[in-house]
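Reading the structure
Here's the letter readout for the chains.
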Amino acid sequence: MAASDFTARDLRERLSLAAPDHPVPDLGDHVLNPELESLLDGVSIRDAAVLVPVVDRTDGATVILTTRSAALRKHSGQIAFPGGSVDPSDASPEAAAIRESFEEVGLRPEFIETVGRLPRYSTTTGFRITPVIAVVRPGFELAPNPAEVADVFEVPLAFLMDAANHQKEGRVWNGRERFFYVMPFGERYIWGVTAGIIRTLFERLYA
């Protein structure tokens, strides 16, 4: 498929055909590293949500990603979707993802249409993340919050949904080798949870 074939309309159609008729188990770091699942048992779980913002560009959809500020305590400098913890005042994961996207990058809610969810993604740091898929109407202006975001950029959906751009790598963590997906994009290095969520989108809709 050409880049122009990866459209928001095509995404909607794939979502409509992929609606599961049975529960989908939570995904997470433990999928590539089954031994990590035991570490989740004693961890205090905090619900979070991220927006997977697919921009409806005429020459092919793109996905908005951020580079987290180096000053942040957790996951500093990593590439991430806009999002964060689900607050008690949030009516749903969708509401949390939209709120966090506005707070982090200034993406206004009127440009966002949520169209689906991916299976929740559990991390060994104690977050249970709901990825919310959204179609974003062009015409928005972004204003990144420098306290949280160092950079905002768009990646063609065609690039992210090409399995040839998905690589598995490993690093030693706490004395054990841990495996994860990476998706290098120019000088940017997409990996970890963000790459895991992108891989889930690929496997659910595009594989």
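Residues numbered from 1 in each chain as written. Predicted model: local features only at pLDDT ≥ 70, side-chain atom pairs only at ≥ 80, totals over all residues. Heavy atoms only, no water.

An unreviewed UniProt entry lists the protein under the name CoA pyrophosphatase, with Plantimonas leprariae as the source organism.

On a plain count of helices and strands, the protein comes out with four helices and 12 strands. Expressed as a percentage of the 207 residues in the protein, the buried residues total 47%. Within the protein, contacts between residues at least 6 apart in sequence are counted, and of these 65% link residues at least 24 apart. As displayed, the protein offers around 10,400 Å² of accessible surface, 50% of which is attributable to carbon and sulfur atoms. (Helix = DSSP H or I, 4+ residues; strand = E, 2+ residues; numbered from the N terminus. Buried < 20%, exposed > 50% of the residue type's maximum accessible area, 1.4 Å probe, protein only. Contact = heavy atoms within 4.5 Å. Areas by Shrake-Rupley, 256 points an atom, 1.4 Å probe, with all protein chains shown as cover.)

Turning our attention to the packing of aromatic side chains. Evaluation of the coordinates by the stated rule reveals four aromatic pairs. Centre to centre, the rings of Phe159 and Phe185 are 5.0 Å apart; their planes meet at 65°, and the pair counts as edge-to-face. A residue pair is termed long-range when its members are at least 10 positions apart, and Phe159 in helix α3 (residues 157-160) and Phe185 in strand β11 (residues 176-185) qualify at 26 residues. (Phe/Tyr/Trp six-rings, centres within 6.5 Å; stacked < 30°, edge-to-face > 60°.)

Membership of the largest hydrophobic core comes to 36 residues, with the highest contact counts inside it found for Leu157 and Met161. Sorting the residues of this core by element identifies α1 (8-17), β2 (46-55), β3 (62-68), β8 (127-136), β9 (149-156), α3, β11 and α4 (192-206) as the ones contributing at least two each. The contacts of Met161, once residues within four sequence positions are left out, are Phe6, Ile198, Leu201, Phe202 and Tyr206. Counting 17 residues, the second largest nonpolar core, distinct from the first, contains Val105, Val132, Phe140 and Val152. (Core = buried A, V, L, I, M, F, W, Y, C linked by side-chain atoms within 4.5 Å.)

Before going further, it helps to spend a moment on the pattern of salt bridges. Applying the stated criterion to the full structure yields 14 salt bridges. One salt bridge connects Glu13 with Arg9, and the closest N-O pair in it is separated by 3.7 Å. A residue pair is termed a helical-turn pair when its members lie 3 or 4 positions apart in one helix, as Glu13 and Arg9 do in helix α1 at four residues. On the accessibility criterion, Arg9 (64% relative accessible area) is exposed. (Salt bridge = Lys/Arg side-chain N within 4 Å of Asp/Glu carboxyl O.)

Turning next to the environment of Asp87. Tracing the sequence through the fold places Asp87 in the loop between β5 (83-85) and α2 (93-105). Accessibility expressed as a relative area gives 27% for Asp87, which makes it partly exposed. Residues Asp87 and Asp47, spaced 40 residues apart in sequence, show a C-alpha to C-alpha distance of 8.5 Å. At a separation of 3.3 Å, a polar atom in the side chain of Asp87 contacts the side chain of Arg99. (Polar contact = N/O pair within 3.5 Å; in protein donor to acceptor, adjacent residues only side chain to side chain.)

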